[in-house]
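Architecture at a glance
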Amino acid sequence: MLLRAALTSFRRGETLAAQPVSAVLDVSLKHLTAYNAVCGFGLRDALPLTYPHVLGFPLQMKLMSGAGFPFPLPGLVHVANRITQSRPLTLDEQLEITVSARDLRPHPQGTQVDVVTSVSGVWEGVSTYLRRSGGAGGSGEELERPAASAVWKVPADIGRRYGAASGDRNPIHLHPLGAKVFGFQRAIAHGMWTKARCLAALEGRLPEAVTVDVRFKKPLFIPGRVEFSAFEGAEGWEFAVWGKGPHLVGSTS
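Report follows, based on the coordinates. (Residues numbered from 1 in each chain as written. Predicted model: local features only at pLDDT ≥ 70, side-chain atom pairs only at ≥ 80, totals over all residues. Heavy atoms only, no water.)

To continue, consider the nonpolar core. In terms of nonpolar packing, the biggest core is built from 58 residues, with Phe69 and Phe239 touching the most fellow members. Here the element with the most residues in this core is helix α7 (residues 191–201); it accounts for 6 residues. Once residues lying within four places of it in the same chain are set aside, the contact partners of Phe69 are Leu16, Ala18, Leu63, Met64, Leu76, Ala101, Val113 and Val115. (Core = buried A, V, L, I, M, F, W, Y, C linked by side-chain atoms within 4.5 Å. Buried < 20%, exposed > 50% of the residue type's maximum accessible area, 1.4 Å probe, protein only. Helix = DSSP H or I, 4+ residues; strand = E, 2+ residues; numbered from the N terminus. Contact = heavy atoms within 4.5 Å.)

Structural data, given as structure tokens:
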């Protein structure tokens, strides 16, 4: 009876007992070069701000598909990502990566959980995932479309290219048929590619110690045409990607 109750609890997403997973690795110049090319970063000693997320991706999948994680992977929605670094990581560093899960909490549309990737004590990425279980759709938040700083054409193969560089080969990003299985009319761009593309556009303008917070809004169907906007204020940059509606909104501090 106790075992059955425990399993039922896990299925309902009421318990978070996943244990952290860790690894130590070196950066591959070949892999970094491929990632930079697909996201638009230049090649330099300092790693792009979003690159450690990719390095930690296999550990994220290990944790999220293992015992103690409250939800199955299919159906999870990546709704937000926050990256904080106290200094840039560099190409020649050996990196200590730990992935953990925390803060299982209710949401009007279901339940949220944070998957946290920590790298060498100087970089942290927090990805927030939503498991929908009903409730009203949308946040009720009304966003004003900003003036465009640039127009981007997003090619049809960006999902396959980013999937190869990042290891994230979720079928919703790779092919229209794979996307339709999960209810999308055609393939959609990775949210973390969209964030990386925004930061590549701001490359050289951000401080070395920085926090970049984004929310993923409407799916970005590919191929597509979107507007990128970026404005520097007193507290940092505000940026966004819009098509017919908002795909991503973000800020730096």
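Turning our eyes to something else, we now look at helix α4 (residues 57–64). Those residues of α4 not exposed but buried are Phe57, Leu59, Gln60, Leu63 and Met64. In a view along the axis of α4, the buried residues occupy a sector of 160°, so they form one face of it. Counted as exposed and oriented over 90 degrees from the buried face of α4: Pro58 and Lys62. (Arc of directions from axis to C-beta.)

Looking now at the packing of aromatic side chains. Counted according to the given criterion, the structure contains 5 aromatic pairs. Each ring, one from Trp152 and one from Phe228, has its centre 4.6 Å from the other, and the planes form 10°; the classification is stacked. Of this pair, Trp152 sits in strand β6 (residues 150–154) while Phe228 is found in strand β8 (residues 224–232), placing the two residues 76 residues apart along the sequence. Trp152 sits in the buried class, given a relative accessible area of 10%. By the ring-pair criterion, three or more aromatic residues cluster together here, those being Tyr35, Phe41, Tyr51 and Tyr162. Sitting above the plane of the Trp152 ring, Arg197 keeps its charged end 4.2 Å from the centroid. (Phe/Tyr/Trp six-rings, centres within 6.5 Å; stacked < 30°, edge-to-face > 60°. Lys NZ or Arg CZ within 6 Å of the ring centre and 35° of its normal.)

This part is about the packing of helix α2 (residues 29–39) against α7. Between α2 and α7, the least distance of the axes is 9 Å, while the angle of their chain directions is 80°. Our classification of the angle between α2 and α7 gives roughly perpendicular. Residues Tyr35, Val38 and Cys39 of α2 form the contact with α7, whose participating residues are Trp193, Ala196, Arg197 and Ala200. A class-by-class count of the residues in the contact of α2 with α7 yields 6 nonpolar, no polar and 1 charged. (Axes fitted to C-alpha atoms, helices over the stretch in contact; angles between N-to-C directions. Parallel < 35°, antiparallel > 145°, perpendicular 65-115°, else oblique. Nonpolar A, V, L, I, M, F, W, Y, C, P; charged D, E, K, R; others polar.)

Where α2 meets helix α5 (residues 158–166), the axes come as close as 9 Å, and the angle between the chain directions of the two elements is 155°. With respect to α5, the element α2 is oriented roughly antiparallel. As α2 runs across α5, the sense of the crossing is left-handed. Mapping the contact onto sequence places His31, Ala34, Tyr35, Ala37, Val38 and Cys39 in α2 and Ile158, Arg161, Tyr162 and Ala165 in α5. Residues belonging to the contact of α2 with α5 are distributed by class as follows: 8 nonpolar, 1 polar and 1 charged. (Left-handed = near helix turned anticlockwise from the far one by under 90°.)

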